[in-house]
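Here's the letter readout for the chains.
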Amino acid sequence: MAEQFEQRESLALMHQMGLNSGAIERRREIVGLAAADLARIATIKDLVLRRADDYCATFFDSLATFAEARPLLHNTALFDRARRLKLDHLRALASGEYDTQYVEQRIELGLLYAAAGLDNRTFLGAFLALVKQIGADIMRHAGLPPMDGFEAFMSLQKVIFFDIGLIVDVLVAQRERVIRQQQEAIRELSTPVLQLRDRLLLLPIIGVIDTYRARLITENLLESIRANRAKVVVMDVTGVATIDSRVANHILQTVTAARLMGARVIVSGISAPVAQSLVSLGIELGGLDAVSDLQGGIEVAERNLGYRVTQGEPIDARVNGVN
């Protein structure tokens, strides 16, 4: 089941990266991989296959020298799978078949490295040690004239560069995906919409509001109004130190958009300096329902929804009355 999921994930990433047959062919062209290279690679295929276990050990021994690789090497399940995939990679490296299936296997390996937190520098450092070992073996043990051995190694390097491009692209794509997820989480935390009662929402805003964040606030609020069928929203700006003309206009646009969706917006917490600033800017706020603080905003909102809040006797007074 896990392998099937990983295969689906690699196929999905291939699709996102646009790695169709045409794109793969273009990558082969970029590294200059031609029919003559495949013929030269065939002359060293047996050597690479025979030494695959040694090359795999060289790669992971080199990784072990980097502290950044510890999460991969110290996780038994990840390490075992990484070693199996690396052996598959080395056996396929000299196969002469660099098609969609070959690319899918490289993507799967790249996803594993990304899951283990391996970065580009660490991967490239270990891969360089592997390439040097392969090159030395070809020159010493392939049984080819020196120039033929050199040309065979240069042909194999084209495949190696092809592989490096794929792995690095996967690592970068996964790093960017994590960054996007973190940014999305931060955006959600910075513009929370809370449900206080049935049909009543609270939108507390804290910090600096720029144009981008103002747009997010509007989008999140309108989505929440629809999802919760809200009738009243309290937008609290107590934590906003300054409001310029652009932000004020965004707030007014948000209020208008909410009104079109059938919800009334009450703005609470406008400080005295902010109020004076808005007046000096000449911003027309006649259509804005504003109260001084959050408590007042919630009380107004509850009255609009038909709630009645009554104040009972203090607990101490009731206890004394009983005594």
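Further up the page is the structure itself.
**Focus: the nonpolar core**
So, point 1. Counting 55 residues, the largest nonpolar core has Phe-59, Tyr-113 and Phe-123 as the members making the most contacts within it.
So, point 2. When contributions to this core are tallied by element, the ones reaching two or more residues are α1 (2-16), α4 (45-50), α5 (52-63), α7 (76-93), α8 (100-115), α9 (120-141) and α10 (146-190).
So, point 3. If one sorts the elements of this core by residue count, α10 sits on top with 13 residues.
So, point 4. Setting aside residues up to four positions removed in sequence, Phe-123 forms contacts with Phe-59, Tyr-113, Leu-118, Ile-167, Val-168 and Leu-171.
So, point 5. The next biggest cluster of nonpolar side chains, apart from the first, holds 27 residues, and it includes Leu-201, Val-247, Ala-258 and Val-267.

**A look at the environment of Val-232**
So, point 1. Summarising the element assignment, Val-232 is placed in strand β3 (residues 232-239).
So, point 2. Owing to a relative accessible area of 3%, Val-232 belongs among the buried residues under this scheme.
So, point 3. Sequence separation between Val-232 and Arg-259 is 27 residues; the distance between their C-alpha atoms is 9.4 Å.
So, point 4. Apart from the residues within four sequence positions on either side, Val-232 is in contact with Arg-199, Leu-200, Leu-201, Arg-264, Ile-266, Ala-301, Asn-304 and Leu-305.

**A short note on the pattern of salt bridges**
So, point 1. Across all of its chains, the model carries 13 salt bridges by this definition.
So, point 2. Close ionic contact of Glu-108 with Arg-81 constitutes a salt bridge, the shortest N to O distance being 3.1 Å. Of this pair, Glu-108 sits in helix α8 while Arg-81 sits in helix α7, and the two are 27 residues apart along the sequence.
So, point 3. A relative accessible area of 14% means that Glu-108 is categorised as buried.
So, point 4. Given the relative accessible area of 15%, Arg-81 is considered buried.
So, point 5. Here Asp-88 ties to Arg-91 by a salt bridge, and the two come within 3.9 Å at their closest N and O atoms.

Reading guide: rules and limits
Residues numbered from 1 in each chain as written. Predicted model: local features only at pLDDT ≥ 70, side-chain atom pairs only at ≥ 80, totals over all residues. Heavy atoms only, no water. Core = buried A, V, L, I, M, F, W, Y, C linked by side-chain atoms within 4.5 Å. Buried < 20%, exposed > 50% of the residue type's maximum accessible area, 1.4 Å probe, protein only. Helix = DSSP H or I, 4+ residues; strand = E, 2+ residues; numbered from the N terminus. Contact = heavy atoms within 4.5 Å. Salt bridge = Lys/Arg side-chain N within 4 Å of Asp/Glu carboxyl O.

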